[in-house]
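Residue-level listing of the chains:
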Amino acid sequence: MAPIDVVQAQSQAATQRQNLAQAEGTRLGASLAETQRAAADLTQRVAAAVQENTISKEQLARLQKELEAKRAEADRQAQAINTLEQQQTEARARIENLSVAVKVAEQEKTLLK
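Everything quoted here is computed from the prediction, not taken from an experiment. All residue numbers here refer to positions counted from 1 along the written sequence of the relevant chain. At least 70 in pLDDT is required for a residue's local features to be given in this predicted model, at least 80 for side-chain atom pairs to be given and counted, and no such filter applies to totals for whole chains, interfaces and linings, which use all residues. As a rule here, side-chain values come from all non-hydrogen atoms in the structure, and water together with hydrogens is ignored.

(A) Spatial organisation of the overall build of the protein chain. If you tally the helices and strands in the protein chain, you get two helices and zero strands. We compute the radius of gyration over the C-alpha atoms and compare it with the globule rule, which gives 2.2 Å times the number of residues raised to the power 0.38. The C-alpha atoms of the protein chain give a radius of gyration of 25 Å, which is well past the 13 Å a tight globule of 113 residues would have. Along the three orthogonal principal directions, the C-alpha set of the protein chain runs to about 85 × 20 × 15 Å. Buried residues in the protein chain amount to 23% of all 113 residues. A contact between two residues is defined here by any heavy atoms of the two lying within 4.5 Å. Summarising the internal contacts of the protein chain: among those between residues at least 6 apart in sequence, 81% fall at separations of at least 24. To qualify as a helix, a DSSP run of H or I must reach at least 4 residues; to qualify as a strand, a run of E must reach at least 2; elements of each kind are numbered from the N terminus. Relative accessibility under 20% of the residue-type maximum defines a buried residue, over 50% an exposed one, and the middle range a partly exposed one, all with a 1.4 Å probe and only protein chains included.

Listed below in structure tokens is the structure:
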């Protein structure tokens, strides 16, 4: 396999990794939005439960645990999105470097002919 072919293959692989990272980021973003909506709903339910005299302490504790779990999940998803964004930035830099390497290799190939 010629050096230019190797560089082009690496460039294609980096592009595919970036596309996967973008898709995963989109999926996590949607999941985060849903989790945040659920957390907001639970927050409203907890507030309503506190104001309502008939709610039991057990129900209130359960809702608070659910809310805590949803907030923790939202935090984990936000961190995962940050990680994916970092990976995407790194992939873009690698693609840029590989693109330059491909151009240099093509120029060298032309000179060698």
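What follows picks up the thread again.
(B) Structural detail: the environment of I4. As for its placement among the helices and strands, I4 is situated in helix α1 (residues 3–51). I4 sits 10 residues away from A14 along the chain, and the two C-alpha atoms are 15 Å apart. Setting aside its immediate chain neighbours within four residues, I4 contacts V102, A105 and E106.

(C) Here's a closer look at the packing of α1 against helix α2 (residues 57–112). Each axis is a line fitted through C-alpha atoms, taken for helices only over the stretch in contact, and angles between the N-to-C directions span 0 to 180 degrees. Between α1 and α2, the shortest axis-to-axis distance is 7 Å and the interhelical angle comes to 160°. One element, α1, and the other, α2, form an angle in the roughly antiparallel class. Handedness of the α1/α2 crossing: left-handed. Residues were grouped as follows: Ala, Val, Leu, Ile, Met, Phe, Trp, Tyr, Cys and Pro as nonpolar; Asp, Glu, Lys and Arg as charged; and all remaining residues, including Gly, as polar. A breakdown of the residues in the contact of α1 with α2 according to their chemical character gives 26 nonpolar, 15 polar and 11 charged. Angles below 35 degrees are treated as roughly parallel, those above 145 as roughly antiparallel, those between 65 and 115 as roughly perpendicular, and all remaining angles as oblique. A clockwise turn of the near helix away from the far one marks a right-handed crossing, whereas an anticlockwise turn of less than a right angle marks a left-handed crossing.

(D) Spotlight on α2. With 56 residues, α2 extends 81 Å from end C-alpha to end C-alpha; this agrees with the ideal 82 Å at 1.5 Å per step. Those residues of α2 lying buried are L63, L67, A74, Q77, I81, L84, Q88, A91, I95, L98, V102 and A105. Looking at the packing, one finds that the buried side of α2 touches α1. Each helix should span, by expectation, one fewer than its residue count multiplied by 1.5 Å.

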